[in-house]
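# Close look at the chain arrangement
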Amino acid sequence: MAGAFLLCSVLLFLCAIAARTVANDNEQQQRQRQRRQVTFVNELPNAQIDLYWENHETGGRKFEDTIDPRGGFLRVDTYDGHEFSYDIESDGERHYFQPKGFAVLLGSTHCIQVRCDVTTYSRKSSDTFNILVKPYWSPRGASRFLELVRSGYYDGVALNRVVPGFLTQFGIAKDPTVRNHWGKLAIVDDLPFDDIPFQPGYLSYAGSGIDSRTTEIFIVMPGVGQEQLDYFGENSWETPFGLLEGNVEESALTKIYSGHGDMPPWGKGPESSRIYDEDGYTTYLPNAFPLLDYIDRCYVVDEVDTDIEEEL
């Protein structure tokens, strides 16, 4: 009897150790699944999105909230590996995904068209940039650009750095209050999407360090050498978020005034720091660089007709 009792005690002890080990393993796995806050942004022009969390333990689906279009957003506290879903009436399918921290919701839409009306030949003529914004390439960068476009930020902005065979840069707002406000709202760098190589006509942010992207954008010019193309993207903030539609060689990029060359110390063009001054647009640019071209207006193409209908 004593031997049987001892055996039972040993077995109970071993079972307790095993149970504790399983509990510790589960606790460790839970810790490894980091808790994070995810921002979901609806960049569709008109459709609302109902967001759901897929509960795979119960097989159920939990409604999170409805997200409005045109940059409406929702922040959700969740864990790595959690799956979410949404459907859009226009494409007739449910979309499943595991967010990493920032997620743009577009359904089957892969790009959003932005049009910028620009002056050319030193404001003697006009043309357009037709930009295809690719949110899946750079979610935070694309979403910020669309937010700025919708707010009218780029209307009246100078094309202040135009270097043939290199880049065209812009993004310092005409209104000093506006540019100072947005200049303080830097966004986190995006992880590269499928290592997309830069090509002429691609758009990215100009920055000064990690997580420094705010409002200034550059477009890769036609005729840029392969060595420079390979160098674009080496910095963490240089992630392409869109491209010019059509033949870049015949685009408005080739018609913008470029006679000032690059900014100092590489050329005699405008100094960005001076444009940020209070008199940047009222005195500095018109007096020192009267031949510059400008963006008249930028807008999301699919949202214009809807805005007109709402006004009527």
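Relevant structure appears above.
Scope of this entry: the structure provided in the associated data block.

Criteria and cut-off values
By convention here, each chain's residues receive numbers from 1 onward along its written sequence. Residues qualify for local features only when their pLDDT is at least 70, as the model is predicted, and side-chain atom pairs are given and counted only at 80 or more; totals for whole chains, interfaces and linings, by contrast, use all residues. Side-chain metrics in this entry use all non-hydrogen atoms of the structure; hydrogen atoms and water are not considered. We count a stretch as a helix when DSSP gives it H or I for four or more residues in a row; a strand needs E for two or more, and each element gets its number in order from the N terminus. For the exposure calls, accessible area comes from a 1.4 Å probe over protein chains only, and a residue counts as buried if that area is under 20% of its type's maximum, exposed if over 50%, partly exposed in between. Surface accessibility follows the Shrake-Rupley procedure with a 1.4 Å probe radius. Residue values consider only the protein chains on display as shielding. Think of it this way: DSSP has to see at least two bridges between two strands before they count as a pair. To get an axis, a line is fitted to the C-alpha atoms, and for a helix only the part in contact is used. The angle between two axes follows their N-to-C directions and goes from 0 to 180 degrees. In this description, contact between two residues means that some pair of their heavy atoms is separated by no more than 4.5 Å. By convention in these notes, a salt bridge is any Lys or Arg side-chain nitrogen within 4 Å of a carboxyl oxygen on Asp or Glu. Within this scheme, the nonpolar core is defined by two criteria: the residues are buried Ala, Val, Leu, Ile, Met, Phe, Trp, Tyr or Cys, and they are joined through side-chain atoms within 4.5 Å. When the centres of two rings from Phe, Tyr and Trp lie within 6.5 Å, Trp using its six-membered ring, the rings pair. Their planes under 30 degrees apart give stacked, over 60 give edge-to-face, and anything left gives tilted.

What follows is about the overall build of the chain. The helix and strand tally for the chain stands at 7 helices and 15 strands. A burial count over the chain gives 45% of its 312 residues as buried. Entry remark: accessible area of the chain is about 16700 Å², with carbon and sulfur atoms responsible for 51%.

Turning next to the sheet that holds strand 2 (residues 49–55). Spatially, 4 strands are ordered 3-2-5-6 in an open sheet, and the strand pairing comes out antiparallel. Whereas interior strands pair on both sides, the edge strands pair on one side only; in this sheet they are strand 3 (60–67) and strand 6 (93–97). Along the sheet, successive strands turn relative to each other by an average axial angle of 30°, direction set aside. In terms of strand pairing, strand 5 (residues 83–88) meets strand 6 through 5 bridges, oriented antiparallel. Within strand 6, the residue paired with D87 across the bridge is R94.

Before going further, it helps to spend a moment on the pairing of strand 8 (residues 112–120). Bridge analysis of strand 8 against strand 9 (residues 125–133) gives 9 bridges, and the strand direction is antiparallel. Bridge pairing in strand 9 links I112 to V133. The antiparallel pairing of strand 8 with strand 9 creates a hairpin that spans 4 residues between the two strands, and Y121 there sits at a positive phi of about 50°. Bridge count between strand 8 and strand 15 (residues 295–300): 5 bridges; the pairing is antiparallel.

Taken together, the 8 strands give an open sheet; going across it, the order is 10-11-13-12-14-9-8-15, and neighbouring strands pair in antiparallel fashion. Unpaired on one side and paired on the other, strand 10 (161–163) and strand 15 mark the two borders of the sheet. The sheet shows a mean angle of 25° between the axes of neighbouring strands, taken without regard to direction. Two elements, strand 11 (residues 167–170) and strand 13 (residues 217–220), share 4 bridges in a ladder whose sense is antiparallel. Bridged to L167 within strand 13 is V220. Against the sheet, helix 2 (residues 139–151) touches strand 8, strand 9, strand 12 (202–205), strand 13 and strand 15, its axis set at about 115° to strand 15.

According to the stated counting rule, one finds 15 salt bridges in the structure shown. A salt bridge links R94 to D87; the nearest nitrogen and oxygen atoms lie 3.2 Å apart. Residue classification places D87 among the partly exposed positions, given a relative accessible area of 35%. Among the salt bridges present, the one from R213 reaches D190, with a minimum N-O distance of 3.0 Å. Residue R213 is located in the loop between strand 12 and strand 13, and its partner D190 is located in the loop between helix 3 (176–183) and strand 12; the two are separated by 23 residues in the primary sequence. Residue classification places R213 among the buried positions, given a relative accessible area of 0%. D190 sits in the buried class, given a relative accessible area of 5%.

The tendency in soluble globular proteins is for nonpolar side chains to be buried as a group. Formed by 60 residues in total, the largest nonpolar core has its most connected members in F40, V114, F129, F145 and Y154. Here the element with the most residues in this core is helix 2; it accounts for 5 residues.

In this section: the pairing of strand 12. Side chains of strand 12 alternate between two faces, with Y202 and S204 and L203 and Y205 buried alike. Relative to strand 14 (residues 242–244), strand 12 is paired through 2 bridges, and the arrangement is antiparallel. Opposite Y202, over in strand 14, you have L243 as the bridge partner.

Enumeration over the complete set of coordinates arrives at 16 aromatic pairs. Ring geometry for Y153 versus Y154: centroids 5.1 Å apart, planes at 80°, classification edge-to-face. Both residues of the pair, Y153 and Y154, belong to the buried class. A ring pair is formed by Y205 and F241, whose centres lie 5.3 Å apart and whose planes are at 45°; its orientation type is tilted.

On the secondary structure map, I67 appears in strand 3. Here the alpha-carbon distance between I67 and E43, two residues 24 residues apart in the chain, equals 9.8 Å. Among residues more than four places away in sequence, those in contact with I67 are F40, N42, Q48, I49, L51, G72, F73, L74 and L105.

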